Amino acid sequence: DAGVIQSPRHEVTEMGQEVTLRCKPISGHNSLFWYRQTMMRGLELLIYFNNNVPIDDSGMPEDRFSAKMPNASFSTLKIQPSEPRDSAVYFCASSSYSSGQYFGPGTRLTVT
Amino acid sequence: AQTVTQSQPEMSVQEAETVTLSCTYDTSESNYYLFWYKQPPSRQMILVIRQEAYKQQNATENRFSVNFQKAAKSFSLKISDSQLGDTAMYFCAFMNPNTGNQFYFGTGTSLTVIP
């Protein structure tokens, strides 16, 4: 298996622009997680899905952030409009029952 | 709510020596899973080892082993024969399977292996 795939790996954008991060989970995994990691705040859970259904989005910072999982093999995290404070590494992870979460390589987002 | 505590923000160890990273957690559940993740400078989060709470035997993966003390709610990671490639951030994590596979991570311990 190729593992969790994220794209793009790096994204540099200007404040106010829309940013879309993409994730393909490991085939057969039924849970998908979006995290954000910064030096100041560490690793934060933004949202997670079970069987394509959002279960907990309480970590989504504000309405500028939205996430979708239209099917078992694809999810997006969208930021519109982006702000400099959104600069971080965004991780996607997937898991099946008790397997442990397997992380993608992350997307390093820089908003100028 | 579950909490995971890693009380050692930074540690160092001489190459080839053994080091133990501490982790404690708080839960009222009896069935759960515990994990250690490694995050090297590349930023990739790597699953190192996994422990099921209902198993008394401590998990082992090559040079990595855990000391799981269920009554004390302690889950430490021992790295034997430390190598330079072990330099990384290490995160302890707790999962309650009754809450939809959600993970709770500690704040991490930064380990440096000194040549």
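Our subject is the structure that appears above.
Note that this is a predicted model, so its numbers are computed, not measured.

Basis of the calculations
Residues numbered from 1 in each chain as written. Chains lettered and ligands numbered in written order. Predicted model: local features only at pLDDT ≥ 70, side-chain atom pairs only at ≥ 80, totals over all residues. Heavy atoms only, no water. Salt bridge = Lys/Arg side-chain N within 4 Å of Asp/Glu carboxyl O. Buried < 20%, exposed > 50% of the residue type's maximum accessible area, 1.4 Å probe, protein only. Helix = DSSP H or I, 4+ residues; strand = E, 2+ residues; numbered from the N terminus. 1 Å grid on protein atoms, 1.4 Å probe; cavity = no way out; pocket = protein on both sides within 12 Å on 5 of 7 lines; lining within 4 Å. Points joined across faces, edges and corners; volume = space filled by probe spheres on them. Nonpolar A, V, L, I, M, F, W, Y, C, P; charged D, E, K, R; others polar. Pairing = 2+ DSSP bridges. Contact = heavy atoms within 4.5 Å. Buried area = accessible area lost by both parts, 1.4 Å probe. Polar contact = N/O pair within 3.5 Å; in protein donor to acceptor, adjacent residues only side chain to side chain. Disulfide = S-S within 2.5 Å. Phe/Tyr/Trp six-rings, centres within 6.5 Å; stacked < 30°, edge-to-face > 60°.

Caption draft 1: Molecular detail of the pattern of salt bridges. All names here are of chain A. Throughout the structure, instances matching the rule amount to twelve salt bridges over all chains. Two residues, arginine 41 and glutamate 44, come together in a salt bridge whose shortest N-O distance is 2.9 Å. With relative accessibility at 56%, the residue arginine 41 sits in the exposed group. A salt bridge links arginine 64 to glutamate 83; its shortest N-O distance comes to 3.5 Å. One end of the pair, arginine 64, is in the loop between β6 (53–56) and β7 (65–71); the other, glutamate 83, is in the loop between β8 (74–79) and β9 (88–95), and 19 residues separate them in sequence. For arginine 64, a relative accessible area of 9% translates into the label buried. Here glutamate 83 falls in the partly exposed class, since its relative accessible area comes to 23%. The network of salt bridges with common partners includes Glu62, Arg64, Glu83, Arg85 and Asp86.

Caption draft 2: Just the layout of surface pockets, in detail. Of the voids in this model, the largest pocket is the one considered here, and its volume is about 390 Å³. Gln37 and Met39 of chain A together with Gln39, Met89 and Phe91 of chain B are the residues nearest the centre of the largest pocket, which is lined by 20 residues in total. Listing elements by their share of the lining of the largest pocket, those giving two or more residues are β4 (31–38) and β5 (42–50) of chain A together with β10 (88–95) and β12 (109–114) of chain B. Among the residues forming the lining of the largest pocket, the class breakdown is nine nonpolar, nine polar and two charged.

Caption draft 3: Expanded view of the pairing of strand β3 (residues 19–24) of chain A. In this structure, strand β1 (residues 5–7) of chain A lies alongside β3 of chain A, joined through three bridges in antiparallel fashion. For isoleucine 5 of chain A, the partnering residue across the bridge sits in β3 of chain A and is lysine 24 of chain A.

Caption draft 4: The arrangement of the interface of chain A and chain B in detail. Counting from both sides, the interface comprises 24 residues of chain A and, opposite them, 19 residues of chain B. Both sides of the chain A and chain B interface together cover about 1,700 Å² of buried area, and 50% of this is carbon and sulfur. When residues of chain A are sorted by the area they lose upon contact with chain B, Tyr97, Ser98 and Phe103 of chain A head the list and together hold 28% of the total. Where chain A packs against chain B, one counts zero salt bridges. The tally of links between chain A and chain B comes to six residue pairs in polar contact (both at pLDDT 80 or more). Those elements that place two or more of their residues in the side of chain A that touches chain B are β4, β5, β9 and β10 (102–103) of chain A. A class-by-class count of the residues in the side of chain A that touches chain B yields eleven nonpolar, eleven polar and two charged.

Caption draft 5: View of the environment of phenylalanine 64 of chain B. All names here are of chain B. As for its placement among the helices and strands, phenylalanine 64 is situated in strand β8 (residues 64–69). Take phenylalanine 64: its relative accessible area is 11%, and that puts it in the buried class. It is 10 Å that separates the C-alpha atoms of phenylalanine 64 and aspartate 86, two residues lying 22 residues apart in sequence. Discounting residues that sit within four places of it in the chain, phenylalanine 64 has contacts with Val48, Ile49, Ala59, Leu77, Lys78, Ile79, Asp86 and Tyr90.

Caption draft 6: Summary view of the state of the cysteines. Residues and elements named next belong to chain A. Under the definition given, this model contains two disulfides over all chains. Paired by a disulfide, cysteine 23 and cysteine 92 hold their sulfur atoms 1.9 Å apart. Note on the cysteine 23 and cysteine 92 pair: the S-S dihedral is about -65 degrees, so by sign convention the disulfide is left-handed. Placement of the pair is cysteine 23 in strand β3 and cysteine 92 in strand β9, with a sequence separation of 69 residues. Per residue, the accessibility class of cysteine 23 equals that of cysteine 92, and both read buried.

Caption draft 7: Up close: the packing of aromatic side chains. Inspection of every chain in the model, using the stated rule, returns 19 aromatic pairs over all chains. Through a chain of ring-to-ring contacts, the aromatic side chains of Phe33, Tyr35, Tyr48, Phe91 and Phe103 of chain A together with Phe35, Tyr37, Phe103 and Phe105 of chain B assemble into a single cluster.

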